[in-house]
Amino acid sequence: MRDRIHPSWENIIKNTTQAPYFDALTVFIEEEYNSMSCYPGSDAIFAAFDLCPLNEVKVVLLGQDPYHGPGQAQGLSFSVPEGMKHPPSLVNIFKEIESDLQIPYPTSGNLKRWAKQGVLLLNSTLTVRAHEAGSHQKQGWESFTDDVIKEISARCNGIVFLLWGGYAKKKQKLIDESKNLILNSGHPSPLSANRGYWFGNKHFSQCNEYLVTQGQKPIAW
């Protein structure tokens, strides 16, 4: 269950996977993938860690769990493959970028282009059963990704953490705010966005402005 991990993550992944909970998680995931349709594909579970090396992380964008529809999940939070219809949350993300940075709405919802620029597209839960949102929660993934967040915060400086929605905001306690930037707002889902908790947060411009102050190249959102 550890395919496609960039070598830069090896020490962090090794430490977290040696915790007692990870053995039980591994058994659970293997049983699920052998008996049920699950997403993303088994070779993409750790895709976020393959596409964005630890030493290149500039931004951590935290999602909750993968898309549970056929062909959507690719191991990157909020991202869908080329040609796939954009899910509602992603539509609202792109609309905010369009408004904030005057960037035209993109045709592709594939966010690998962000990952390759240093955006770690991390879901708190890395797998899900088909058509059952949240079905792999509370099995150990949250402990794993919490450990990853804490390690990034401890080892790195000047990281932007984008925490959208109540679930993501709870992760703020894991982050050292004295040397990193936390931007939080409502979730981009229609339920939250249509109530005024998402649009106008200007997180994308704020993120880039902060990266520049840290001597980093801004993200081409």
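Just above, that's the structure.
Residues numbered from 1 in each chain as written. Predicted model: local features only at pLDDT ≥ 70, side-chain atom pairs only at ≥ 80, totals over all residues. Heavy atoms only, no water.

Peer 1: Outline the overall build of the protein chain, supporting the account with residue identities and numerical values.
Peer 2: Each helix and strand counted, the protein chain has nine helices and six strands in total. Computed over its C-alpha atoms, the radius of gyration of the protein chain comes to 17 Å, within 12% of the 17 Å expected for a compact globule of 221 residues. Taken along the three principal axes of its C-alpha coordinates, the protein chain extends 45 × 35 × 30 Å. Expressed as a percentage of the 221 residues in the protein chain, the buried residues total 54%. At a minimum sequence separation of 6, the contacts of the protein chain that also span at least 24 residues come to 65%. (Helix = DSSP H or I, 4+ residues; strand = E, 2+ residues; numbered from the N terminus. Rg over C-alpha atoms; globule rule 2.2 N^0.38 Å. Buried < 20%, exposed > 50% of the residue type's maximum accessible area, 1.4 Å probe, protein only. Contact = heavy atoms within 4.5 Å.)

Peer 1: How would you sum up the pattern of salt bridges? Please name residues and give values.
Peer 2: In a structure, side chains of opposite charge can pair up when their charged atoms sit close to one another. Taken as a whole and assessed by the stated rule, the structure comprises five salt bridges. Lys-150 is the salt-bridge partner of Asp-147, the closest N and O atoms lying 3.6 Å from each other. With Asp-147 and Lys-150 both in helix H6 (residues 141-155), this residue pair falls three residues apart, about one helical turn. In this structure Lys-150 comes out as partly exposed when scored by relative accessible area, which is 39%. For Glu-151, the salt bridge is made with Arg-155, and the minimal N-O distance between the two is 2.9 Å. Residue Glu-151 and its partner Arg-155 are located together in helix H6, separated by four residues, close to a single helical turn. Its relative accessible area of 24% is what places Glu-151 among the partly exposed residues. Under the relative-accessibility criterion, Arg-155 is labelled partly exposed at 44%. (Salt bridge = Lys/Arg side-chain N within 4 Å of Asp/Glu carboxyl O.)

Peer 1: How would you sum up the nonpolar core? Please name residues and give values.
Peer 2: In terms of nonpolar packing, the biggest core is built from 63 residues, with Trp-9, Phe-49, Trp-114, Ile-152 and Trp-221 touching the most fellow members. Residues in contact with Trp-221, not counting those within four places in the same chain, are Val-59, Ile-97, Leu-101, Ile-103, Arg-113, Trp-114, Val-119, Leu-162, Phe-204, Cys-207 and Asn-208. (Core = buried A, V, L, I, M, F, W, Y, C linked by side-chain atoms within 4.5 Å.)

Peer 1: Could you give an account of H6, naming the residues involved and the relevant values?
Peer 2: With 15 residues, H6 extends 21 Å between its outermost C-alpha atoms, agreeing within 8% with the 21 Å of an ideal straight helix rising 1.5 Å per residue. By the burial criterion, the buried members of H6 are Trp-141, Glu-142, Phe-144, Thr-145, Asp-146, Val-148, Ile-149, Ile-152 and Ser-153. (Expected span 1.5 Å × (residues − 1).)

Peer 1: I'd like to hear about the sheet that holds strand E5 (residues 160-164), residue by residue, with values.
Peer 2: If you trace the four strands from one edge of the open sheet to the other, you get E3-E2-E5-E6, paired in parallel fashion. Since the sheet does not close on itself, it has two edges, and those belong to strand E3 (119-123) and strand E6 (181-185), each with one partner. Across this sheet, the average inter-strand angle for adjacent strands is 20 degrees, counted without regard to direction. Across four bridges, the pairing between strand E2 (residues 59-63) and E5 is parallel. Directly across from Val-60, in E5, lies its bridge partner Phe-161. Docked against the sheet, H6 engages E2, E3 and E5, running at close to 155 degrees with respect to E3. (Pairing = 2+ DSSP bridges. Axes fitted to C-alpha atoms, helices over the stretch in contact; angles between N-to-C directions.)

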